[in-house]
Each structure stands twice: as structure tokens, then as C-alpha cells.
Amino acid sequence: MVADRADTAEMRSVGSRLVIVVALLAIHAACHKYNKLAELDATCDEKWANIDAQLQRRYDLIPNVVKTVKSQAKFEEETLTKITQARAAATQIKLTAEDLTDPKKIEAFQAAQSQLSGSLSRLLVASESYPDLKANAAFHDLRAELEGTENRLLRAREEYNGAVKEFNAELRKVGGTITNDVTGKPFKPRVFFSATAEAKGAAPQVDL
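Here's a quick rundown of the structure. Every chain is numbered on its own, with residues counted from 1 as its sequence reads. Totals for whole chains, interfaces and linings use every residue, but because this is a predicted model, local features are given only for residues with pLDDT of at least 70 and side-chain atom pairs only at 80 or more, for both listing and counting. Computation of side-chain values: all heavy atoms of the structure, hydrogens and water removed.

**Considerations on a nonpolar patch on the surface**
- On the surface, V174, I178 and V182 cluster together into a nonpolar patch covering about 310 Å² of accessible area.
- Among the secondary structure elements, V174 is positioned in helix 6 (residues 174-182). A patch consists of residues whose relative accessible area exceeds 30% and which take part in no salt bridge; residues with like charges are grouped when within 9 Å of each other, and nonpolar side chains (Val, Leu, Ile, Met, Phe, Trp, Tyr) when within 5 Å. Here, Shrake-Rupley sampling with a 1.4 Å probe gives the accessible areas, and only protein chains in the shown set may cover a residue. Salt-bridge detection follows one rule: a side-chain nitrogen of Lys or Arg within 4 Å of a carboxyl oxygen of Asp or Glu. Under the DSSP-based scheme used, a helix requires at least four consecutive residues in state H or I and a strand at least two consecutive residues in state E, with every element numbered from the N terminus.

**Overview of the packing of helix 5 (residues 137-172) against helix 6**
- Think of each axis as a best-fit line through the C-alpha atoms, taken over the contacting stretch in the case of a helix, with angles from 0 to 180 degrees between the N-to-C directions. For the pair helix 5 and helix 6, the least separation of the axes is 4 Å and the interaxial angle reads 80°. Our classification of the angle between helix 5 and helix 6 gives roughly perpendicular. Packed against helix 5, whose contacting residues are E170, L171 and R172, the element helix 6 presents V174, G176, T177 and N180 at the interface.
- Class assignment for the residues of the contact of helix 5 with helix 6 results in two nonpolar, three polar and two charged. By definition in this entry, angles of less than 35 degrees are roughly parallel, angles greater than 145 are roughly antiparallel, angles of 65 to 115 are roughly perpendicular, and the rest are oblique. Contacts between residues were defined by any pair of non-hydrogen atoms, one from each residue, lying within 4.5 Å. Classification used: nonpolar for Ala, Val, Leu, Ile, Met, Phe, Trp, Tyr, Cys and Pro, charged for Asp, Glu, Lys and Arg, polar for all others including Gly.

**Examining the side chain of Q110**
- Mapped onto the elements of the fold, Q110 is located in helix 3 (residues 103-126).
- Once residues lying within four places of it in the same chain are set aside, the contact partners of Q110 are F192, F193 and S194.

**Things to note about the side chain of Q113**
- You can see Q113 is positioned in helix 3.
- Look at Q113 and you get buried, because its relative accessible area is 4%.
- As used in this structure description, the phrase polar contact means that two N or O atoms lie within 3.5 Å; if the pair is within protein, one of them must be able to donate a hydrogen and the other to accept it, and residues adjacent in sequence are counted only when both atoms belong to side chains. For Q113, the side chain forms a polar contact with the side chain of Y59, separated by 2.6 Å. Only protein chains enter the accessibility calculation, which uses a 1.4 Å probe. A residue is then buried if its area is under 20% of the maximum for its type, exposed if over 50%, and partly exposed in between.

**Some words on the nonpolar core**
- Residues grouped as a nonpolar core are buried Ala, Val, Leu, Ile, Met, Phe, Trp, Tyr and Cys residues, joined through side-chain atoms within 4.5 Å. Counting 41 residues, the largest nonpolar core has W48, I51, V69, L123 and Y160 as its most contacted members.
- At the level of secondary structure, the elements contributing two or more residues to this core comprise helix 1 (2-72), helix 2 (77-92), helix 3 and helix 5.
- Sorting elements by how many residues they give to this core places helix 1 first, with 12 residues.

**Looking at unusual backbone geometry**
- Here the phi dihedral of K185 falls at roughly 55°; this positive angle occurs in a residue that is not glycine.
- Its location among the elements puts K185 in the loop between helix 6 and helix 7 (197-200).

**Side note on the pattern of salt bridges**
- Summed over all chains, the structure comprises 12 salt bridges.
- In this structure, K82 engages E78 in a salt bridge whose closest nitrogen and oxygen atoms are separated by 3.2 Å. In this pair, K82 and E78 both sit in helix 2, four residues apart, roughly one turn of the helix.
- On the basis of relative accessible area, E78 is assigned to the exposed category, the value being 54%.
- Residue K185 pairs with D181 through a salt bridge whose shortest N-O separation is 3.9 Å.
- Residue K185 is classed as exposed on the basis of its relative accessible area of 53%.
- A network of salt bridges, in which partner residues are shared, links K33, E170 and K173.

This is the structure we're talking about:
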């Protein structure tokens, strides 16, 4: 009887240790998954900051473009008015980190950016009809800066969407879903920042 009791106690002790080991391994795995999600989430924020910087650069260039056009050519007033209005509308929409998980807010943001890109593209296309304006050094430089900004914006958008794809995929995995649930769901799927058909064809081209 004494031996049986000792064996039973030993089995219980081994079982308890196994439970503790399994629990520790589960906690370790959960911490690793949480850290992975946090790291990917931070990467998304970093990539979005790059987009934001290029958009701000474009906002800063547009008033100079409009000013130069007005001073060098009897340009279509309607075209200038539309691009000024589109810029004003785009700059009114500010996205926070939480907004990047909201499809409706991203859609509104994309629509405003698309409108601005379209207006900018139409202005630059119309400028081709003004030889004096095309020959203006300041306008030439501004167009080159705009093209560079648009190209960097395109790359930044591609990098952001790549980061979002990786983050969302990790979050959808079983481990990611469980970890997110038990930690109070601090992570939410992010929305891709995709250019509309109009914006995709709106990057200004410089005719040097």
C-alpha cells in the first residue's frame, strides 16, 4: 500500500511537471507570436509614414506649380481652380494609425488622392499647349520634382501593401488568431492602399 501510494504520488508529480512544461511552452509560443505581430504592425506604420512623407511633398509642390503656371501663361483658370480645390480636399483627410484598419476611411482617403492625381495630370497635359511655359526653367524643375515624387510614392505604396499583406497573413494564422484573442484583440487587419484606375494613369511624365 505504501509503495502504491508512493507510485501514485510520483505519477502526480510527473504529471504536474508536464503540465507546467506544456504551459510554459504555450506561453513562450504566445509571446513569440505576439512579438511577431507587433513587429509586423510596426513595419506597416513605418511604411505608411513613407507614403505620408511623399504625399506631403506633393502637397508642398503643387502651390509652386500653380504659381509658376499663372505667372508664365494665360492658363485655363478652371484647371488651376480644380487642382487647388483637390489639394485642399486631400489635405483635409488625416488618417491615424487606427484609421488604417477602417475600409471606409481608407476608401475616402484614396478617393481624395485620386482626385488630386487626376487634376494634377490634367494640368500637366494641358501645359503642353504652352511653349513658353514648357521652356520655363522653374516649371521644368517642378515637373521633374513631381515626377520623382510620384515615382517614390508608387514605390512607397507597393512597400506598404507588401507589409500589410505579410501582417494580415500572420494575423489570420491559427497562432495569430488565438494570440490576438487572448490578449484582447489589440491587432486588426489592415486595409491595402490601392490606387484607383484614374490615379494609376495620373503620374506626371516629364518631356525633357
